[in-house]
Amino acid sequence: MKGGRSNTGLLDRARLGEAEAIAALYERYAPLVYRIAFRLLQSEAEAEDVLQDVFLGLPRGLRTYEARGSLENWIKRVAARTALLRLRARGRKREVSIENVQIPPRASVRDSPIDRLALEAAVARLPDSLRTVFVLKDVEGYSHVDIGRLLGISTIASRTRLHRARKLLRKALEGLR
């Protein structure tokens, strides 16, 4: 932090709406917020809107932050909730088939950039309800309990949606072996 100020001092200043404190938090957490929003919404413009919404509401939102967990995890939850609200408001259902996606099985970060792009395209084609759980669990590392709270669904529903998402992805990858 600039001037050796503590994280608590930074949060107190941000709660009061101090521009420098909000800018410091923005610099630290904006990429995280954008990444989560983009993965959930599949739209650069909407991810940027979520980023703006999160940081415009930060002074007010920080008043409810109790510092029990890490600030990063709290901001991730706020970003996910904001993106999910936007997704629900959009009201669209994307039911695009992923059967013809050409991607090698078990793609990982170590695979070629083309494989990674193809995997991201396959994930983007999942229905919103399945993609959301897949991204929150397998990409962002949320627990099923946390996902249930974020989405307003049961833990079992979260597990079921993840299973269905993985099943659709496996089916899309079968023909590429």
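No experiment lies behind these values; they were computed from the predicted model shown.

Let's shift gears to the packing of aromatic side chains. This structure, assessed with the given rule, holds three aromatic pairs. Seen from their ring centres, Tyr26 and Phe55 are 4.9 Å apart, and the 70 degrees between their planes marks the pair as edge-to-face. Linking Tyr26 in helix H2 (residues 19-41) with Phe55 in helix H3 (residues 44-56), this pair joins segments that are 29 residues apart in sequence. Note on Phe55: relative accessible area 7%, which makes it buried. Between Tyr65 and Trp74 the ring centres are 5.3 Å apart and the planes differ by 50 degrees, which places this aromatic pair in the tilted class. Side by side, Tyr65 and Trp74 carry an identical accessibility label, which is buried.

Moving on to the environment of Arg35. Relative to the helices and strands, Arg35 resides in helix H2. Distance in space between the C-alpha atoms of Arg35 and Ala47 is 7.8 Å, their sequence separation being 12 residues.

It is worth spelling out the confidence of the model for the protein at this point. Per-chain confidence: the protein averages 79 in pLDDT, with 77% of residues scoring 70 or above. Segment residues 1-5: pLDDT under 50, and six contacts once partners within four positions in sequence are set aside and those in other chains are kept. Every residue in residues 92-110 scores below 50 in pLDDT, and together they form 44 contacts with partners more than four places removed in sequence or on other chains.

Counted by the stated rule, this structure contains 11 salt bridges. Between Arg86 and Asp53 there is a salt bridge whose closest N-O contact spans 3.2 Å. Residue Arg86 is located in helix H5 (residues 71-90), and its partner Asp53 is located in helix H3; the two are separated by 33 residues in the primary sequence. A salt bridge links Glu140 to Lys76; its shortest N-O distance comes to 3.9 Å. Note that Glu140 is positioned in the loop between helix H7 (128-139) and helix H8 (144-151) and Lys76 in helix H5, a separation of 64 residues in sequence. Its relative accessible area of 8% is what places Glu140 among the buried residues.

Negative phi characterises most residues that are not glycine, and trans characterises most peptide bonds. The phi dihedral of Gln42 falls on the positive side, at around 60 degrees, and the residue is not glycine. Looking at where Gln42 falls in the secondary structure, it is placed in the loop between H2 and H3.

Looking now at H3. Compared with an ideal rise of 1.5 Å per residue, which puts 13 residues at 18 Å, H3 spans 18 Å between its outermost C-alpha atoms and is within 8% of the ideal. Three or more residues of H3 are buried, namely Glu46, Ala47, Val50, Leu51, Val54 and Phe55. Seen from one end, H3 has its buried residues packed into an arc of 165 degrees, which puts them on one side. Packing partners of the buried residues in H3 comprise H2, helix H4 (58-62) and H5.

The next point concerns the packing of H2 against H5. In the contact formed by H2 and H5, the axes pass within 9 Å of each other and the chain directions differ by 35 degrees. The handedness of the crossing between H2 and H5 comes out as right-handed. Contacts from Leu25, Tyr29, Leu32, Val33, Ile36, Ala37, Leu40 and Leu41 of H2 reach H5 at Leu71, Glu72, Ile75, Lys76, Ala79, Ala80, Ala83, Leu84, Arg86, Leu87 and Arg90. Among the residues forming the contact of H2 with H5, the class breakdown is 15 nonpolar, no polar and four charged.

Cut-off values and rules
- Within each chain, residues carry numbers counting from 1 in the order of the written sequence.
- Since the coordinates come from a predicted model, pLDDT governs what is reported: local features require at least 70, and pairs of side-chain atoms require 80 or more to be given and counted, while whole-chain, interface and lining totals use all residues.
- Side-chain measures here rest on the full set of heavy atoms in the structure, leaving out hydrogens and waters.
- Here is the rule: rings of Phe, Tyr and Trp (six-membered ring for Trp) pair when centre to centre is within 6.5 Å. Planes less than 30 degrees apart are stacked, more than 60 are edge-to-face, and the remainder are tilted.
- Each helix is a run of H or I in the DSSP string that is no shorter than four residues. Each strand is a run of E no shorter than two, and both are numbered from the N terminus.
- Categorising residues by exposure relies on relative accessible area from a 1.4 Å probe, with only protein chains included: less than 20% of the type maximum marks a residue as buried, more than 50% marks it as exposed, and the intermediate range marks it as partly exposed.
- Confidence of the predictor at the level of single residues is captured by pLDDT, which takes values from 0 to 100.
- The contact criterion used is simple: two residues touch if any of their non-hydrogen atoms lie within 4.5 Å.
- Take a side-chain nitrogen of Lys or Arg and a carboxyl oxygen of Asp or Glu: if they are within 4 Å of each other, that pair is a salt bridge.
- Each residue after the first adds 1.5 Å to the expected span of a helix.
- Directions drawn from the helix axis to the C-beta atoms are what define this arc.
- With axes taken as lines fitted to C-alpha atoms, and helix axes fitted only over the stretch in contact, angles between N-to-C directions fall between 0 and 180 degrees.
- For any helix crossing, the convention is left-handed if the near helix is rotated counterclockwise from the far helix by under a right angle, and right-handed if that rotation is clockwise.
- Gly is placed with the polar residues, together with every amino acid not listed as nonpolar (Ala, Val, Leu, Ile, Met, Phe, Trp, Tyr, Cys and Pro) or charged (Asp, Glu, Lys and Arg).

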